[in-house]
Structures are given as C-alpha cells and as structure tokens.
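Spelled out from the first residue to the last, the chains are:
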Amino acid sequence: MLSKRIISCLDVREGKLAKSIKFLETRDIGDPVVQAHKYYLQGLDELVFYDITASSDNRSIMLNVVSRVAEQVFIPFSVGGGLRTVDDCSRVLLAGAEKVNINSAAVKNPSLITEVSQAFGSQAVVLSMDVRRVPPTLEIPSGYEIVINGGRTPMELDAIAWATRGEELGAGELVVNSIDADGTKAGYEIRLTRMIAEAVHIPVIASGGGGKPEHLYEVLTEGRADAVLVASMLHYGEYTVGAIKKYLAGKGIKVRMTIGEDLRNSVE
Amino acid sequence: MITIVDYKAGNLTSVRRALDHLGIPNQISSDPRIVRNAKRIIFPGVGHAATAMRVLQESGLDSALKEAFYRGTPILGICIGCQIILSHSEEGDTPGLDLIPGVCTHFQDRGASLKIPHMGWNAVAITQSHPILRNILPGDEFYFVHSYYPQPTDLTTIYATSDYGEPFPVAIGSKNLFAVQFHAEKSGAIGLQLIKNFAGWNI
C-alpha cells in the first residue's frame, strides 16, 4: 500500500528563503536549494515551494530556484504562488517541478484548473485551499469557508463544495490549509480534513497546526489525510524528518524509510 | 553515452538531471537515426499512451526503438516507457511496440477506498533477481504516478511487483530490455541506484 507522505513547504521571496525559517547552520542562510537538499537527505517525501515575491517582475528568479532544486533533489516537488495562467504553470513545470500549486487564482478563475490539467495531466495540478471556520449558513452549510489572499478575503464559498468542484474540474490533489489552526502548533483541523477526505476521491494533504508528531498521527488516522504538510516543526530544527517518521512507524503508520544519499554500490 | 528518447512526452529533463548527478554521459534525442544507433537507451515518458504511440509512429521512433531492441541495445523504459513496450494499451485503446507480449491495464474494481491514480511512494517486492535491481532491498519504496499498469502475458517477464489492493507488476524485462512503472528519477537514492545499475548493465 501507499505510504503516508510527509511534505514540507518553503516560502521563497526573490530567490531567498523567507525569514520564517531559523537556520541551524550559518552557511545555510537564505538559500532554498540548500534547505531543500537537507530535507531530501533526511528522507522528506515531497516539497512545496511558495513564491511570495511581491513584484511579478522578479518571478523569473523563482524559475532559477526550481531548476537548481531539480538538479539536486530527486523527489517530487510542486511550486505555487503567482501562477495565474497555463503559461505560468508551463514555465515552472519545464524548469523541473512535477506539480503546480494553485490557490487564489483558481477560486477567481476555476477554469484554470481544467486548462492546466488538460495541458499537463491532473497529476500535475494541486489545488490548495485556505479555509476558515464560520457559523454554518445556507451558503456555507459545513461551517468552513474558502478565503483567499492569505486569509484576508472571504469568498462565501463552502470548502466541501469547492473541494468536490475542484476534483471535477481536474485537480489531482488537494491541500487543505486551516487558517484557524495555522501557526497555533496545537494540531491540524481534524474534522475539516476528514470531511473533505470523505467527499473526494483524490489525495488530501492536511496543512496548518502541526506542532508535534502526535498531531500528524491524528490527522493521518482520524482526519483520513493521505499526506501531511509540516513547516515550523522542521524549520525550527525541533524535529527531523527521520524522527517524525520513526514515531509514525512506531504507531503503525506506513511511511517511507530512506537510505540517505549514498548509493549502496558506490563504495567500490 | 545514454540516449534519452525525446518524443514530447514529458519529464526528460528529470531523467537527464539524474544522469548528470550520477556523472553518466547522456544526450536527449528525437532523431530516429541517433536512437537506432545508440549504445544505451532510456525510454521515459509521462502522459497518455495513445498520444505517445502516435508521436512515436509519426516520427519514425517506433521502428528505431524496435530495431535497437532487436539488435541488443540495452533499453530502460520508465512509466509510459514501461507501458507502450507491451502489445496493447487500454489507455486510448492503442497498439504498443509489442517488444514484450501483454497489455497495459487500468486500475479498477480494486475497492472503493483505493484512489486512482496510484500516486505516491510504494514498496517494491522483487520476484526475480536482475542486474538492474542489484542492491534494491525488500521494503525499498519508489515514487509512482499512474492509472494503468503493465500486465505481461508471460509471467516470467515480471521482475518486481507492488501492492495496491492486490499485487501488480512494476518491473518487467526481456533480453536487453528492462522497464519500470515507477519514476526511478524521482525516487531518491534508491531510484538513482537503479539508474546507475542500468548504466553499468552488461548483457
């Protein structure tokens, strides 16, 4: 059976890691490629790079990052942030990413999901959704609303309805990011994740709120997530990928164990 | 020198980058003459089987690959390159190159809880030893993205299986041809190991 995937995300601004990441080694400062390679060697299963560059003039810097990551990191990775057209997506895929991550642009223009999935296959399209808890209404019966622009703009769109619509439009995977849980380190939004996982037939990646390995265990079992996004747990050096996987494996979760960088027959 | 066959079916650059990382000389080519005379070939691909087969036929790469196979050139197929070496694919109901008898079959009726495509990391069980699987150990995992899988007629051409609801073939081979359903080029050190094994495979 498939292993549960541990995925991490790196925020990149104008080619440098955003400051939310604390570095253990001084020579690592600022370079997303170095950080990505470090996680790759620790046994991370997949990576996401969010380009948070403010000016669209500087987006070509991101393509250089993508290309350098692809030269050194031999696991799948996706790129998100500022992708508004099929051409934008084409550029990051040609630079070496396996998948694109679309969020606000898909809410504003749902046909983007279909266009990208027809051009590159649904496996290349990850639909990311930011979700906030609200009192249930007629428009939002689940009590979970889609928000965009980093959580600032509510869309009066039910998260469960958007998830199933996203699948129909051609998304291959969903990232479900809870704005309420994000940054709390108090655990993932189990109920939301489970509701979405039960509503769709594509993999669901839980995001927001992970603070300790127990939280990953909860969302992978009770929350029925196929994969889980971890950020600060790794970025602040509190845990390694290996330590997280060892914990999960001990609890009976199937995770991928790795051999590090050395090839087995390279010592000759 | 390894020639990576370019037939507009995706991910050639990740294969090239894996070879570069291993220090193995390589070139990408869509020229049937170069493929026909290549010393060693990687036949990669993502996408749709019928589309891939049509491009191969229109470019003349189909006969170039067949010739290379029959003259004994070592060939490694990856993903779509593992599917269209069979006689037929259900994806787009297309004939394949027929280098290994069999069909490429859709995952279905494997229980409602199984998501299709089969995407992510899965362990591979080796059913027959092969030089390309040297140093791959039980429990090693590779990265998969696919909705169809190879089903050879002759079960002795199966070298490894994975489990998704039930076992299915993931590595098949015949003579100088070996092919894997998973993306070795995106499977970390284990995948690089397999590619390195192929580069050193003497038939």
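Located above this text is the structure these notes cover.
The following refers to the structure shown.

Procedures and definitions
In this numbering scheme, every chain counts its residues from 1 along its sequence in written order. Here the convention is simple: chains get letters from A, ligands get numbers from 1, in the order in which they are written. Local features in this predicted model are restricted to residues of pLDDT 70 or higher, and side-chain atom pairs are both shown and tallied only at a pLDDT of 80 or more, whereas totals for entire chains, interfaces and linings draw on every residue. The side-chain figures draw on all heavy atoms in the structure; neither hydrogens nor water molecules are used. Helix and strand assignments follow DSSP, with helices taken as H or I runs no shorter than four residues and strands as E runs no shorter than two, numbered in order from the N terminus. Atoms counted for the radius of gyration: C-alpha only. Globule rule: 2.2 Å times the number of residues to the power 0.38. Throughout this description, buried means an accessible area under 20% of the type-specific maximum (1.4 Å probe, protein chains only), exposed means over 50%, and partly exposed covers the range between. The Shrake-Rupley method, run with a 1.4 Å probe sphere, supplies the accessible areas, and residue values consider only the shown protein chains as cover. In this tally, Lys and Arg are treated as positive and Asp and Glu as negative; His is ignored, and so are the chain termini. Charge positions come from single atoms, namely NZ of Lys, CZ of Arg, CG of Asp or CD of Glu. Should any heavy atoms of two residues lie within 4.5 Å, those residues are considered in contact. When DSSP finds two or more bridges between two strands, those strands count as paired. In a helix, the anticipated span is given by 1.5 Å times the number of residues less one.

As for the overall build of chain B
Phase 1: A count of helical and extended segments in chain B gives 6 helices and 14 strands.
Phase 2: Against the 2.2 N^0.38 benchmark of 17 Å for 203 residues, chain B shows a C-alpha radius of gyration of 15 Å, consistent with a compact globule.
Phase 3: The buried share of chain B, taken over its 203 residues, is 61%.
Phase 4: Of the roughly 7400 Å² that chain B leaves accessible, carbon and sulfur atoms contribute 51%.
Phase 5: In chain B, 16 side chains carry a positive charge and 17 a negative one; their mean positions are 10 Å apart.

Brief notes about the overall build of chain A
Phase 1: Helix and strand content of chain A: 10 helices and 11 strands.
Phase 2: Expected size for 268 residues packed as a compact globule is a radius of gyration near 18 Å; at 18 Å, chain A falls within 12% of this value.
Phase 3: Seen through its principal axes, chain A has C-alpha atoms that stretch 65 × 45 × 35 Å.
Phase 4: Across the 268 residues that make up chain A, the buried fraction comes to 54%.
Phase 5: Residue pairs at least 24 apart in sequence account for 63% of intrachain contacts in chain A once pairs closer than 6 positions are excluded.
Phase 6: As displayed, chain A has an accessible area near 11100 Å², and 50% of this comes from carbon and sulfur atoms.

What to know about the pairing of strand 13 (residues 166-174) of chain B
Residue and element names in this part refer to chain B.
Phase 1: Where burial is concerned, most of strand 13 is hidden: 7 out of the 9 residues are buried.
Phase 2: Bridging between strand 12 (residues 158-164) and strand 13 involves 6 bridges; their strand directions are antiparallel. Among the inter-strand pairings, Tyr 164 is bridged to a residue of strand 13, identified as Glu 166.
Phase 3: Counted between consecutive antiparallel strands, the loop separating strand 12 from strand 13 contains 1 residue, among which Gly 165 sits at a positive phi close to 80°.
Phase 4: The pairing of strand 13 with strand 14 (residues 177-180) spans 4 bridges and is antiparallel. Residue Gly 173 lies in a different strand from strand 14, and its bridge partner there is Phe 178.
Phase 5: Count of turn residues in the strand 13/strand 14 antiparallel hairpin: 2 residues, of which Lys 175 carries a positive phi of about 50°.

Observations regarding the sheet that holds strand 7 (residues 100-106) of chain B
Phase 1: Spatial strand order, 6-5-7-11 (chain B): 4 strands in an open sheet with mixed pairing. Only two strands of the sheet have a single partner each, and these edge strands are strand 6 (94-95) and strand 11 (148-152) of chain B.

Description of helix 6 (residues 188-199) of chain B
Residues and elements named next belong to chain B.
Phase 1: The terminal C-alpha atoms of helix 6, which comprises 12 residues, lie 17 Å apart, in line with the 16 Å expected from a rise of 1.5 Å per residue.
Phase 2: Counting buried positions along helix 6 yields 10 of 12 residues, so the element is predominantly enclosed.
Phase 3: When we look at burial in helix 6, the residues that qualify are Gly 188, Ala 189, Ile 190, Gly 191, Leu 192, Gln 193, Leu 194, Ile 195, Asn 197 and Phe 198.

Concerning the pairing of strand 7 of chain B
Phase 1: Relative to strand 7 of chain B, strand 5 (residues 86-89) of chain B runs parallel, the two sharing 3 bridges. Among the inter-strand pairings, B:His88 is bridged to a residue of strand 7 of chain B, identified as B:Val103.

Honestly, it's all geometry; don't read function into it.
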